[in-house]
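# Tertiary structure, described
This is what each chain is made of:
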Amino acid sequence: PHYWLVVPAAGIGQRMSADRPKQYLQIRNRFILDITLSRLLDTGHFSGAMVALHADDQWFASSESVQDSRVSTCLGGAERADSVLAGLAALRDVASDEDWVLVHDVARPCLAIADLTRLLKDLEGDSVGGLLAAPVSDTIKRQIASGGRVGETVSRDGLWRAQTPQQFRYGLLKQSLELAKSKDIAITDEASAVEAAGYAPKLVPGRADNLKVTVPEDLPLAGWLLDQIDD
Ligand code: C5P
């Protein structure tokens, strides 16, 4: 099977309060989007990347990736799942149902390539797919409905933080996302759509520092992590 990279990058990054979407903030003078795409594509595992962009995106045109023949773009949608579905639709002519799709957050530039390699290897021959995830190490509290006080402590036994890449067969992922959409099931990652369709994605342990740049404080941390990475 071929491996395709689908990168939803149509979000506007409301939690960042910057002058631009977070994927266009810079680390070492490069857009996060360019770092993420080039690090994954340079592994040589992918037949191509499809990046879903916002209709009003004014930044991609000045990225390095715009000149990269491995990178194609399509128009994203209102929700992350719509952007991923748009990416899958744009790959329709080149991807087969049995091909693998790896969906990766544009804002996770620090993915360790060893984790990517482990994901690919662990899922070889699998009929469903899975995701990189890290065991929860903090104690987890659920607050009472209002008031900011603790209602209960949730056992962290068997709890994982879902990361990306999330890797699924093209046909199964497309079906699952369409099903979730038709049933109006709110999903925040691809695995939850696949779960709602009745499958059990495989949890593949990854590094805890596969950081999603979300708030301004994450930016220097991501820069530091990238400096430590030695692929
Ligand atoms: O906001 P959050 O970090 O959860 O977004 C996760 C990813 O989904 C980001 O890469 C963002 O660009 C993408 N996204 C998208 N289309 C949307 C909303 C989010 O591609 N409508």
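All of these numbers come straight from a predicted model, not from anything done at the bench. (Residues numbered from 1 in each chain as written. Predicted model: local features only at pLDDT ≥ 70, side-chain atom pairs only at ≥ 80, totals over all residues.)

### So, the UniProt feature "site: Transition state stabilizer" (unreviewed entry) in the protein
- UniProt feature "site: Transition state stabilizer" (unreviewed entry): in the numbering of this structure it lies at Arg15 and Lys22.
- Looking at where lysine 22 falls in the secondary structure, it is placed in the loop between β1 (3–9) and β2 (26–27). (UniProt positions renumbered as here; feature names shortened; annotations may be inferred. Helix = DSSP H or I, 4+ residues; strand = E, 2+ residues; numbered from the N terminus.)

### A short note on the site of the ligand
- Around the ligand, 16 residues are found, and the nearest of them are Pro8, Ala10, Gly11, Ser83 and Val106.
- Those elements that place two or more of their residues in the shell around the ligand are β1 and α2 (80–90).
- The residue inventory of the shell around the ligand, partitioned by class, reads 7 nonpolar, 5 polar and 4 charged. (Near = placed C-beta within 6 Å. Nonpolar A, V, L, I, M, F, W, Y, C, P; charged D, E, K, R; others polar.)

### Structural notes on the environment of serine 63
- Considering the arrangement of structural elements, one finds serine 63 in the loop between β4 (48–53) and β5 (71–75).
- Residues serine 63 and phenylalanine 31, spaced 32 residues apart in sequence, show a C-alpha to C-alpha distance of 7.0 Å.
- Beyond its immediate chain neighbours, meaning those up to four positions away, serine 63 contacts Phe31, Leu33 and Asp34. (Contact = placed C-beta atoms within 7 Å.)

### A closer look at the sheet that holds β1
- One open sheet holds the 7 strands; their spatial order is β5-β4-β1-β6-β10-β7-β11, and the pairing between them is mixed. Both edges of this open sheet fall to β5 and β11 (202–205), since each of them pairs with a single strand only. In this sheet, adjacent strand axes meet at a mean angle of 30° when their direction is disregarded.
- As judged from the 4 bridges shared by strand β6 (residues 100–103) and strand β10 (residues 160–169), these two strands associate in the antiparallel manner. Its bridge partner lying in β10, valine 101 is registered against phenylalanine 168. (Pairing = 2+ DSSP bridges. Axes fitted to C-alpha atoms, helices over the stretch in contact; angles between N-to-C directions.)

### Quick look at unusual backbone geometry
- A cis amide bond, omega 10°, links threonine 164 with the succeeding residue proline 165.
- Take proline 165: it is sitting in strand β10.
- In this model, asparagine 29 sits at a positive phi of 65°, which is unusual for a non-glycine residue.
- Following the sequence through the fold, asparagine 29 ends up in the loop between β2 and β3 (30–31).
- A residue is classified by how many C-beta atoms lie within 10 Å of it, and asparagine 29, with 5 of them, is exposed.
- Its identity is not glycine, yet aspartate 184 carries a phi of approximately 60°, on the positive side. (Buried ≥ 20, exposed ≤ 12 C-beta atoms within 10 Å, placed from the backbone.)

### Things to note about the pairing of β4
- For β4, the tally of buried residues reaches 5 of 6 residues, placing the bulk of the element in the interior.
- When β1 meets β4, the two strands line up parallel, connected through 6 bridges. By the bridge assignment, valine 6 is partnered in β4 with methionine 50.
- Of the strand pairs in this sheet, β4 and β5 are connected by 5 bridges, and their pairing is parallel. Its bridge partner lying in β5, valine 51 is registered against threonine 73.

### Thoughts on the UniProt feature "site: Positions MEP for the nucleophilic attack" (unreviewed entry) in the protein
- As recorded in UniProt, the sites labelled "site: Positions MEP for the nucleophilic attack" (unreviewed entry) are Arg156 and Lys212.
- By the secondary structure assignment, arginine 156 is in the loop between β9 (150–154) and β10.
- The contacts of arginine 156, once residues within four sequence positions are left out, are Val136, Thr139 and Ile140.
- Here lysine 212 lies in the loop between β11 and α6 (218–228).
- If sequence neighbours within four positions are ignored, lysine 212 has contacts with Asp105, Ala107 and Arg108.

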